[in-house]
Amino acid sequence: MKTKAVQATGLYPATSDYTHALELSDFQRIVFVAGTMGLEKDGDAPASIDRQLEMIWNNIGAILASADMSVDNIVRLTSYLADRSYAEANGAARVRALGGRVIPTTAIVAQLLDPTWLVEIEVIAAA
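Quick caveat, the model's predicted, so the values are computed rather than measured.

Participant: What is the right way to read the side chain of threonine 36 from this model?
Facilitator: Checked against the element boundaries, threonine 36 lands in strand E3 (residues 30-37). Within the structure, the side chain of threonine 36 is placed 2.8 Å from the backbone oxygen of alanine 34, a separation counted as a polar contact. Not counting residues within four places of it along the chain, the set of residues in contact with threonine 36 comprises Ile56, Asn59, Ile60, Ile63, Val119, Glu120 and Ile121.

Participant: What exactly am I supposed to notice about the packing of helix H1 (residues 49-65) against helix H2 (residues 87-98) here?
Facilitator: The description of two helices packed together rests on the angle between their axes and the distance between the axes. Two elements in contact, H1 and H2, have axes separated by 10 Å at closest approach and are oriented at 35 degrees. Crossing hand, H1 versus H2: right-handed. Counted together, Ile49, Asp50, Leu53 and Trp57 of H1 and Ala89, Asn90, Ala93, Arg94, Ala97 and Leu98 of H2 form the full contact between these two elements. Across the contact of H1 with H2, the residue classes tally to seven nonpolar, one polar and two charged.

Participant: Got a minute to help me understand the pairing of strand E4 (residues 74-81) in this structure?
Facilitator: Moving residue by residue along a regular strand, the side chains alternate between the two faces of the sheet. Of all eight residues making up E4, six are buried, and the element is well covered by its neighbours. Relative to strand E6 (residues 119-126), E4 runs antiparallel, the two being bridged by seven bridges. Across the sheet, residue leucine 77 finds its bridge partner in E6, namely valine 123. Bridge count between E4 and strand E5 (residues 105-109): five bridges; the pairing is parallel.

The rules behind each value
- Residues numbered from 1 in each chain as written.
- Predicted model: local features only at pLDDT ≥ 70, side-chain atom pairs only at ≥ 80, totals over all residues.
- Heavy atoms only, no water.
- Helix = DSSP H or I, 4+ residues; strand = E, 2+ residues; numbered from the N terminus.
- Polar contact = N/O pair within 3.5 Å; in protein donor to acceptor, adjacent residues only side chain to side chain.
- Contact = heavy atoms within 4.5 Å.
- Axes fitted to C-alpha atoms, helices over the stretch in contact; angles between N-to-C directions.
- Left-handed = near helix turned anticlockwise from the far one by under 90°.
- Nonpolar A, V, L, I, M, F, W, Y, C, P; charged D, E, K, R; others polar.
- Buried < 20%, exposed > 50% of the residue type's maximum accessible area, 1.4 Å probe, protein only.
- Pairing = 2+ DSSP bridges.

It is worth stressing that arrangement in space is one thing and function is another; only the former is reported here.
Dropping the structure here:
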């Protein structure tokens, strides 16, 4: 699979951890990962945003591995945050998980289905 960041002109600049668009070519498979929570194996949500983000990225890694992919295959990401104060931690966790690779991302502040869930992340991956 080949990826290329699309450099749009005439609009605000992208930040160092984000690109407005990503062009894909030479790929054969796409995996759409549902919103994934930072839950432990027993289904409980840890109390801290950092631990939930760690668990989310572990869970996304496991889901992608079952499709013979890894986080290196992620080409689009949407984060749903229970509070805007989680934006910095969410961005830092994403940068760590992707090894600094930039992809199109969106963060939305939303009321999640369970009050113990602080963040939910969905991704699209391609190979």
